[in-house]
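Analysis of the macromolecular model
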Amino acid sequence: MNQVRRATLELLDLPVEILTYILSHLDGYELARARQVCHNIRHMIDSSSELLYSIDLKYFNSISFPSPGPDRTVSSLRKSLRQSEFAWQKAEYFKSNPISIPYIRRDAFMWSCGILAFKVQNENRLKLFQPQVTDSDHSNSTSLREWGCQLDREIQLCGFSPAQNLLIFLVRASPGESHAYDLIFRSLSEPDKVHPEAGFAVVKTLDKDDFELLDPPDVSSSIFGHYCGILFSDAFKVDVVLQIWNWKSQDTSLCLKPAHEVMDFSFLTNEIILVVNSKELLLYSLVDFPDALHLTAKFSLPALRTPFEYEIVRIKDSVSSHSRMHNHIITINMKIFGEDLTNEPCVTLYVERNALLKLQSTYTRRYGKASDSSPSLPWSEWGLKYTRSFRGDSYDSCKHVIFGLRAVSLFGSQIQHPVPRPLCIRDFNPHRVADFKAGNGIRWNQRLIEGKSLSSSADLFLESFGYGLPYIETITEEKFLGLKLIVEGNKVMLLSFDFVGRLRSSTQAGRPHFVANEVVDQSIEILNFE
């Protein structure tokens, strides 16, 4: 008799659409509990506007608020939420000291799926932490899992994906090698070991003879599923290479050298890459990887007046790879340069991932197959309808930090000396917006923003800004000092600081004048919406 081999199908083996359908039958309380099962289910819920809406309703209906005034403090909100056993938890970690936590640079601070990582300055070492609240009464008691690794060469870049248990390092190649860097694939849980599924423990990057490198190098990375990409820029910004690997395969990498300069990139799906330069957004297909990347669509950025130009354009897409099966917000940060400018204006565009994917079909119907020489879809035909724009005086690492359909910023400008600022939370969930319009939900320190809301841009731009994507804005009364802000799920993390032995000189114009380069005490502060 033939024996039939029975295959075991686990819950997470189901297509995401089926899993979402199953979860949609749970109420808000059950969804909140389901988020605690594992990282995959938590991020599936956090990246679904429909499921998040159910959880939001649960919170709103279970909390009894006093009569709202013009503003409510975070402290008051914490107190009200505690009455319903859903507290904002404010915990301070990693108080700086000369032994365990050296000074934390803003560009070395990374957070994903509940894991914090940072490069130790002036050391070839990476520290990893996983903070967890240990008590049930929502106090500040926490436990930390701490681990890390030491390399024998300087870390130029590192990144990690908890969903893949992957940790990557970019280090300089050994002396005498013809290539510039080594890309190392390690296990996140055991960073001293090679990832068990990696096609190679180490892969070689660019040939030194073909590329003139900055010191330190100008590089950025993105990880999505089986793909890992590194963007290299040369010293003169005239040659850029985007190198992509399937890190689970032993195939050679694919190098993209486009006709125009690449300023940044991000994986949108397991088949589509978003690339940005100083003129346009471009979508590339990975369906024929590693043989070729295919350009599928091009979208113009809003045109600037002469003599202004885009100096830096960056993509901020912080949703972890296994959450990108659902729609979410992507931000495009554009820093503008011009001789007559007294500051460094920065404009940030918000656009939904699904809108960009949908616009591929619009582009193909109009222009056919995309190529380097084909035109871009004009800004007036996509940007006005599908984007929302915000203008600032300069780049601020504590602004426009997104996760799913929410964005968090420290409100106001931070130009000179750091000052405490309120948190500004923008919710683009269409179900929340519709419910707000219907008169439901909380009204304290919230307002609905739709239509045109940005001041005139005629001083810099030839075209109007986008006014799509209505949202609900919440501004807290409590203020925070922050150097960097990260959002994931219902957590807001601030790399915050306080002055130690603050020094003052004589007052200037009636105000205290603070001495530059003061020593500060750093901490990482976590605000938990749950």
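Note that the structure is a prediction, hence the values are computed from the model and not measured. (Residues numbered from 1 in each chain as written. Predicted model: local features only at pLDDT ≥ 70, side-chain atom pairs only at ≥ 80, totals over all residues. Heavy atoms only, no water.)

1. Considerations on the overall build of the chain
Scanning the chain for helices and strands turns up eight helices and 31 strands. Expressed as a percentage of its 530 residues, the buried residues of the chain come to 52%. Taking the intrachain contacts of the chain between residues at least 6 apart in sequence as the baseline, contacts between residues at least 24 apart amount to 57%. Accessible area of the chain: about 25500 Å², with a carbon and sulfur share of 49%. (Helix = DSSP H or I, 4+ residues; strand = E, 2+ residues; numbered from the N terminus. Buried < 20%, exposed > 50% of the residue type's maximum accessible area, 1.4 Å probe, protein only. Contact = heavy atoms within 4.5 Å. Areas by Shrake-Rupley, 256 points an atom, 1.4 Å probe, with all protein chains shown as cover.)

2. Overview of the pairing of strand 6 (residues 155–161)
Sheet faces and side chains relate simply in a regular strand, where the side chains alternate between the two faces. Within strand 6, seven of the seven residues are buried, which leaves it mostly tucked inside the rest of the structure. Where strand 6 meets strand 7 (residues 166–172), six bridges bridge the pair, whose relative direction is antiparallel. If you follow S161 over to strand 7, its bridge partner there is L166. If you look at the hairpin formed by strand 6 and strand 7, you'll find four residues sitting between the two strands, and N165 has a positive phi there, around 50 degrees. (Pairing = 2+ DSSP bridges.)

3. Digging into the pattern of salt bridges
Under the defined criterion, the tally for this structure stands at 13 salt bridges. Of the charged contacts in the structure, one is a salt bridge between D182 and R153, with a shortest N-O distance of 2.8 Å. Here D182 is found in strand 8 (residues 181–187), whereas its partner R153 is found in the loop between strand 5 (142–150) and strand 6, with 29 residues between them in sequence. When its relative accessible area of 8% is taken as the criterion, D182 is described as buried. One salt bridge in this structure joins E197 and K248, with 2.9 Å as the shortest N-O distance. Taken together, the positions of E197 in the loop between strand 8 and strand 9 (202–204) and K248 in the loop between strand 12 (240–246) and strand 13 (254–256) put the pair 51 residues apart, joining distant regions of the chain. According to the relative accessible area criterion, E197 is partly exposed, its value standing at 44%. Sharing partners across several salt bridges, the network here consists of D152, R153 and D182. (Salt bridge = Lys/Arg side-chain N within 4 Å of Asp/Glu carboxyl O.)

4. Section: helix 6 (residues 353–367)
Relative to the 21 Å expected for 15 residues at 1.5 Å per residue, helix 6 spans 21 Å between its end C-alpha atoms, a close match to the ideal helical length. If you check which residues of helix 6 are buried, you get R353, A355, L356, L359, Q360 and Y363. For helix 6, the elements touching its buried residues are strand 15 (272–276), strand 16 (280–285), strand 17 (294–300), strand 19 (329–337), strand 20 (346–352) and helix 7 (383–386). Phi turns positive one or two residues past the end of helix 6, at G368, with a value near 80 degrees. (Expected span 1.5 Å × (residues − 1).)

5. So, the packing of aromatic side chains
To describe a pair of aromatic rings, one takes the distance between the centres and the angle between the planes. Within the structure shown, the criterion is met by 16 aromatic pairs. Consider the rings of F390 and Y471, whose centres lie 5.9 Å apart with planes at 55 degrees: the pair is tilted. Separated by 81 residues along the polypeptide, F390 in strand 21 (residues 387–392) and Y471 in strand 26 (residues 471–480) bring together distant segments of the chain. No difference in accessibility class separates F390 from Y471, as the two residues are buried. Members of the aromatic cluster, each reached through a chain of ring pairs, are F224, Y227, F265, F267 and F289. The ring of W147 has R145 sitting right over it, with the charged end atom 3.7 Å from the ring centre. (Phe/Tyr/Trp six-rings, centres within 6.5 Å; stacked < 30°, edge-to-face > 60°. Lys NZ or Arg CZ within 6 Å of the ring centre and 35° of its normal.)

6. A short note on the side chain of T205
With respect to the helices, strands and loops of the structure, T205 is situated in the loop between strand 9 and strand 10 (213–224). Within polar-contact distance, the side chain of T205 engages the backbone oxygen of Y181 at 2.9 Å. Discounting residues that sit within four places of it in the chain, T205 has contacts with L170, H179, A180, Y181, D182, L183, F232, Q243 and W245. (Polar contact = N/O pair within 3.5 Å; in protein donor to acceptor, adjacent residues only side chain to side chain.)

7. So, the sheet that holds strand 6
Read from one edge to the other, the open sheet built from four strands follows the order 6-7-8-9, with strand pairing classed as antiparallel. The outermost strands of the open sheet, each flanked by one partner alone, are strand 6 and strand 9. Shown here is a sheet whose adjacent strand axes are inclined to one another by a mean of 20 degrees, direction ignored. The sheet contact formed by strand 8 and strand 9 spans three bridges and is antiparallel. Counted as the bridge partner of I184 is V202 from strand 9. (Axes fitted to C-alpha atoms, helices over the stretch in contact; angles between N-to-C directions.)

8. Topic: the nonpolar core
I332 and W382 are the most contacted members of the largest nonpolar core, which has 53 residues in total. Ranked by the residues each element gives to this core, the list is headed by strand 15, at five residues. Apart from residues no more than four positions distant in its own chain, W382 is found in contact with L281, F299, S300, V351, L356, L359, L377 and T387. By size, the runner-up hydrophobic cluster in this structure holds 19 residues, among which are L183, I223, I230 and W247. (Core = buried A, V, L, I, M, F, W, Y, C linked by side-chain atoms within 4.5 Å.)

So far we have only geometry, and geometry alone does not tell us how the molecule works.
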